[in-house]
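# Examination of the molecular architecture
Here is what each chain is made of, one letter per residue.
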Amino acid sequence: MKRIIIIGYMGAGKTTVGKALAKELGLQFYDLDWYIESRRHKTVPQIFAETGEEGFRKIEHDMLHEVAEFEDVVISCGGGTPCFFDNIDYMNGQGQVVYLKAEPEVLCKHLKMGKTERPLLKGKSSDELLTFINEQLSRRTPFYEKARYQLDVSLMDNYEKIKISVSKLRELVGI
Ligand SMILES: Nc1ncnc2c1ncn2[C@@H]1O[C@H](COP(=O)(O)OP(=O)(O)OP(=O)(O)O)[C@@H](O)[C@H]1O
Ligand SMILES: O=C(O)C1=C[C@@H](O)[C@@H](O)[C@H](O)C1
Ligand SMILES: [Mg+2]
């Protein structure tokens, strides 16, 4: 039975790399943010607006306990998932947890791409974004570093290289 769980900061590429990895391995892919949205029939920004971050974290915790029971899956978490409750310890007990790591400048660049709305970053200018990432990343790193595996994707930064991230990840986890 395989269960690979990907964690890391917003914009690291958890969803992108997780989806590609699952496809390559023929495993089912779950993105925790998307799972929450489909189970609750609401978007992540709606949940934040209605229940605040505290409400979102409780839902995220409960939904994590659902997806992390599934077998033969790749699960990509939200950026904050490992940093609340005992989530990271629980994940380490459930599967092979990989920390997808990237430099703040790379995270910043990714976050300006794509259309995903991220409530915690809403309305921030470029300068504010980098400062915010630096601060929040240093608070979150101790949680991320509890993962059994780490993969730095800073130097694998373009679309073609998403493939390289996937094969490095496979090598790391031994699958
Ligand atoms: N290695 C990469 N090279 C270039 N672009 C990338 C790479 N990885 C991700 N991206 C791009 O960066 C953006 C953010 O990636 P993604 O949504 O996968 O991040 P995430 O870690 O899932 O973020 P969140 O925690 O907010 O869900 C996307 O537009 C994606 O296409
Ligand atoms: O880093 C975070 O705290 C978040 C990341 C996203 O994946 C979502 O889970 C949500 O926007 C919060
Ligand atoms: Mg994601």
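Residues numbered from 1 in each chain as written. Chains lettered and ligands numbered in written order. Predicted model: local features only at pLDDT ≥ 70, side-chain atom pairs only at ≥ 80, totals over all residues.

As annotated in an unreviewed UniProt entry, the protein carries the name Shikimate kinase and comes from Xylanibacter rodentium. The Function (unreviewed entry) comment attached to the protein in UniProt states, word for word, "Catalyzes the specific phosphorylation of the 3-hydroxyl group of shikimic acid using ATP as a cosubstrate." Quoted verbatim from the Subunit (unreviewed entry) heading of the UniProt record, the comment on the protein is "Monomer." (UniProt positions renumbered as here; feature names shortened; annotations may be inferred.)

Along helix α2 (residues 32–40), the residues that are buried comprise Leu-32, Asp-33 and Ile-36. Buried positions in α2, seen along its axis, are confined to an arc of 105° and lie on one side of it. Packing partners of the buried residues in α2 comprise β2 (28–31), α3 (44–67) and β3 (73–76). Backbone geometry just downstream of α2 places His-41 in the positive-phi region, at approximately 55°. (Buried ≥ 20, exposed ≤ 12 C-beta atoms within 10 Å, placed from the backbone. Helix = DSSP H or I, 4+ residues; strand = E, 2+ residues; numbered from the N terminus. Arc of directions from axis to C-beta. Contact = placed C-beta atoms within 7 Å.)

Here the focus is the site of ligand 1. As a matter of local geometry, ligand 1 sits amid 25 residues, with Gly-13, Thr-15, Thr-16, His-110 and Gly-114 nearest to it. Sorting the residues of the shell around ligand 1 by element identifies α1 (14–25) and α7 (162–173) as the ones contributing at least two each. Ranked by the residues each element gives to the shell around ligand 1, the list is headed by α1, at three residues. Classifying every residue of the shell around ligand 1 by side-chain character gives seven nonpolar, 13 polar and five charged. (Near = placed C-beta within 6 Å. Nonpolar A, V, L, I, M, F, W, Y, C, P; charged D, E, K, R; others polar.)

This part covers the site of ligand 2. The environment of ligand 2 is made up of Met-10, Asp-33, Val-44, Gly-78, Gly-79, Gly-80, Arg-118, Pro-119 and Leu-120. For the shell around ligand 2, the residue count by class is four nonpolar, three polar and two charged.

This next bit is on the packing of helix α5 (residues 104–112) against helix α6 (residues 126–144). Put simply, α5 and α6 touch, their axes get as near as 10 Å, and they point 125° apart. By the angle between their directions, the pair α5 and α6 is classed as oblique. Relative to α6, α5 is oriented so that their crossing is right-handed. The segment α5 lies against α6, with Pro-104, Leu-107, Cys-108 and Leu-111 engaging Leu-129, Leu-130, Ile-133, Asn-134 and Leu-137. Here the contact of α5 with α6 is composed, by residue class, of eight nonpolar, one polar and no charged. (Axes fitted to C-alpha atoms, helices over the stretch in contact; angles between N-to-C directions. Parallel < 35°, antiparallel > 145°, perpendicular 65-115°, else oblique. Left-handed = near helix turned anticlockwise from the far one by under 90°.)

With that out of the way, let us pick up the nonpolar core. Core analysis: the largest hydrophobic core is formed by 40 residues, its most contacted members being Ile-5, Ile-6, Ile-7, Leu-32, Ile-75, Val-98 and Leu-100. Broken down by element, this core gets its largest block of residues, six residues, from α3. In contact with Ile-6, other than residues within four places in its own chain, are Lys-14, Val-17, Gly-18, Ile-75, Ser-76, Cys-77, Val-98 and Leu-100. (Core = buried A, V, L, I, M, F, W, Y, C linked by C-beta atoms within 7 Å.)

Below, the discussion takes up the UniProt feature "binding site: ATP" (unreviewed entry) in the protein. UniProt records the feature "binding site: ATP" (unreviewed entry) for Gly-11, Ala-12, Gly-13, Lys-14, Thr-15, Thr-16 and Arg-118 in the present numbering. Its place among the elements puts Gly-13 in the loop between β1 (3–7) and α1. By C-beta crowding, Gly-13 is classed as buried, having 24 other C-beta atoms within 10 Å. Those residues in contact with Gly-13 that sit more than four places away from it in its chain are Leu-100, His-110, Val-153 and Ser-165.

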